[in-house]
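Per-entry structural report
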Amino acid sequence: MSTLSALPVELVLTVVEHAAWSVITADKHWVGSLRLVSRRFDRTIKTIYFHTLILRYQNRGSIEKLAQLPDTPLSLTRHFVDTGNYDDIIISEESFYALSANVRDFTGSLTHYRHLTRRNSALNLDSVFITTPMDAPRMHRLISIPRVHVTYDTWREDLFSLAGSDSNSLGDAQIRWLIVDAFSADAIQTAVDVIPQFLSSLSGLLKIPSLKRLLLRPRSMYKESHDFFCDAATRWALVTRDERIWLDGTGAQGEWTVPNVRAWDVADALAGHGLWFTGAQLYTRPID
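This structure is a prediction, so every number in the text was calculated from the model and none was measured. (Residues numbered from 1 in each chain as written. Predicted model: local features only at pLDDT ≥ 70, side-chain atom pairs only at ≥ 80, totals over all residues. Heavy atoms only, no water.)

1. Concerning the overall build of the chain
- Scanning the chain from terminus to terminus reveals 10 helices and 9 strands.
- For the chain, with 288 residues in total, the buried portion stands at 44%.
- Pairs at least 24 apart in sequence give 67% of the contacts found in the chain among residues at least 6 apart. (Helix = DSSP H or I, 4+ residues; strand = E, 2+ residues; numbered from the N terminus. Buried < 20%, exposed > 50% of the residue type's maximum accessible area, 1.4 Å probe, protein only. Contact = heavy atoms within 4.5 Å.)

Laid out in structure tokens, this is it:
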């Protein structure tokens, strides 16, 4: 601190801002403590501290209080992470609106995403990470978002039957980067019967004109299903001959408990837009 005190205030603030962004995920408490140094520190650090807000059942009371402040810092929130898979909103309508007024990235259930867009139709979102498995026909609710994450049960038979009507068509979609998590808790049926059909159904997504990358991620409780999916995805990409198909085969670490699943979602959210650029390309065109 003695070295920093000898520097111009503007330079000190630049150093502190860089340090805060670099550790905000790992040590938010320390970042918050920097707000107590001075008013100038507070103005700089507050933007970082409230940039990403994770709504949990345990902190709903604190968020309610923040939302009621005349100059609420929730207006600084750009990434809203909702960890609940429930249908009901656990904070008041007014608090929910204050929290989401300037959001650019959303992580949470499809139900809460619909509530978010109904409450504030003017939102211009950069990314939407849906944490709950969803029906294929509901994909059309996300077609205006450039970065999208969805989860599908691999045994569903209605996947991407979206070309039947204009309202469900993906032809006008603006999705550029898409993550599809293939979820299954069935080791035998999924590995043997369903995965090839599931991957084949994804061909409809490759028709999205704006699509730059389709990232596949297996999410199975059983290693056999996980490994089978990775092998099948590689074969499908070679047959499809499409360079936009990528695979992240690292899988989820740990037991499949509700707390762990929510922790995985939060970890994905905190990875930011870089999450859409993970994995490995499965096919590259040969050079003539």
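2. Quick look at the sheet that holds strand β3 (residues 105-108)
- A sheet is described by the order of its strands in space; here 9 strands give the open sequence β1-β2-β3-β4-β5-β6-β7-β8-β9, paired in mixed fashion. Taken across any chain shown, the strands that pair with only one partner, and hence form the sheet edges, are β1 (52-55) and β9 (280-281).
- Of the pairings in the sheet, the one linking β3 to strand β4 (residues 127-133) comprises 4 bridges and is parallel in character. Bridge pairing in β4 places Thr 107 opposite Phe 129.
- Where helix α9 (residues 223-240) meets the sheet, its contacts fall on β6 (177-184), β7 (213-220) and β8 (245-247), and the angle it forms with β7 comes to roughly 160°. (Pairing = 2+ DSSP bridges. Axes fitted to C-alpha atoms, helices over the stretch in contact; angles between N-to-C directions.)

3. Considering unusual backbone geometry
- A positive phi is found at Arg 241, a non-glycine position, where the angle reads about 55°.
- Summarising the element assignment, Arg 241 is placed in the loop between α9 and β8.

4. Things to note about the pattern of salt bridges
- In this structure the tally under the stated criterion is 8 salt bridges.
- The shortest N-O distance in the salt bridge between Arg 40 and Glu 10 comes to 3.9 Å. With Arg 40 in helix α4 (residues 39-49) and Glu 10 in helix α2 (residues 9-23), this pair connects stretches of sequence that are 30 residues apart.
- Among the charged side chains, a salt-bridge network with shared partners connects Asp 181, Arg 217 and Asp 268. (Salt bridge = Lys/Arg side-chain N within 4 Å of Asp/Glu carboxyl O.)

5. Some remarks on the packing of aromatic side chains
- In this structure the tally under the stated criterion is 6 aromatic pairs.
- Geometrically, the ring pair formed by Phe 80 and Phe 96 is edge-to-face, given 5.6 Å between the ring centres and 70° between the ring planes. In this pair, Phe 80 is assigned in strand β2 (residues 79-82) and Phe 96 in helix α6 (residues 93-100), connecting sequence segments 16 residues apart.
- The buried category is assigned to Phe 80, whose relative accessible area is 0%.
- Owing to a relative accessible area of 0%, Phe 96 belongs among the buried residues under this scheme.
- Pairwise contacts between aromatic rings join Phe 80, Phe 96, Phe 106 and Tyr 113 into one cluster.
- Cation over ring: Arg 213 sits above Trp 246, and NZ or CZ is 3.5 Å from the ring centre. (Phe/Tyr/Trp six-rings, centres within 6.5 Å; stacked < 30°, edge-to-face > 60°. Lys NZ or Arg CZ within 6 Å of the ring centre and 35° of its normal.)

6. Examining a nonpolar patch on the surface
- Together, Leu 7, Leu 11 and Val 15 line one region of the surface with nonpolar side chains, adding up to about 210 Å² of accessible area.
- Locating Leu 7 in the fold gives a position in the loop between α1 (2-5) and α2.
- The exposure class assigned to Leu 7 is partly exposed, which follows from its relative accessible area of 32%. (Patch = residues over 30% accessible without salt bridge, like charges linked within 9 Å, V, L, I, M, F, W, Y side chains within 5 Å. Areas by Shrake-Rupley, 256 points an atom, 1.4 Å probe, with all protein chains shown as cover.)

7. Re the nonpolar core
- Formed by 53 residues in total, the largest nonpolar core has its most connected members in Leu 178, Leu 199 and Leu 216.
- Of the residues forming this core, the biggest block, 6 residues, is contributed by α9.
- Filtering out sequence-adjacent residues up to four positions away, Leu 178 remains in contact with Met 139, Val 148, Val 150, Leu 205, Leu 211, Arg 213, Leu 214, Leu 215 and Trp 276.
- Within the second largest apolar cluster, 10 residues are counted, among which are Leu 34, Phe 41, Ile 45 and Ile 48. (Core = buried A, V, L, I, M, F, W, Y, C linked by side-chain atoms within 4.5 Å.)

8. Quick word on helix α10 (residues 258-270)
- End to end, α10 covers 19 Å across 13 residues, agreeing with the expected 18 Å (1.5 Å per residue, within 8%).
- For α10, the set of buried residues is Trp 264, Asp 265, Val 266, Asp 268 and Ala 269.
- In this structure, the buried side of α10 is in contact with β1, β2, β3, β4 and β7.
- In the stretch just after α10, Gly 272 is the one whose phi turns positive, near 70°. (Expected span 1.5 Å × (residues − 1).)

9. Some words on the side chain of Ser 109
- Relative to the assigned elements, Ser 109 resides in the loop between β3 and α7 (110-119).
- Its relative accessible area of 2% is what places Ser 109 among the buried residues.
- A distance of 3.2 Å separates a polar atom in the side chain of Ser 109 from the backbone nitrogen of His 112. (Polar contact = N/O pair within 3.5 Å; in protein donor to acceptor, adjacent residues only side chain to side chain.)

10. Observations regarding the packing of α2 against α4
- Where α2 meets α4, the closest approach of the two axes is 10 Å, and the angle between their N-to-C directions is 25°. Comparing the axis directions of α2 and α4 gives the class roughly parallel. Every pair of crossing elements has a handedness; the one defined by α2 and α4 is right-handed. Listed contacts from α4 to Val 9, Glu 10, Val 12, Leu 13, Val 16, Glu 17, Ala 20 and Trp 21 of α2 are Arg 40, Phe 41, Thr 44, Ile 45 and Ile 48.
- Class assignment of the residues belonging to the contact of α2 with α4 gives a composition of 9 nonpolar, 1 polar and 3 charged. (Parallel < 35°, antiparallel > 145°, perpendicular 65-115°, else oblique. Left-handed = near helix turned anticlockwise from the far one by under 90°. Nonpolar A, V, L, I, M, F, W, Y, C, P; charged D, E, K, R; others polar.)

Don't take any of this as a statement about function, it's just geometry.
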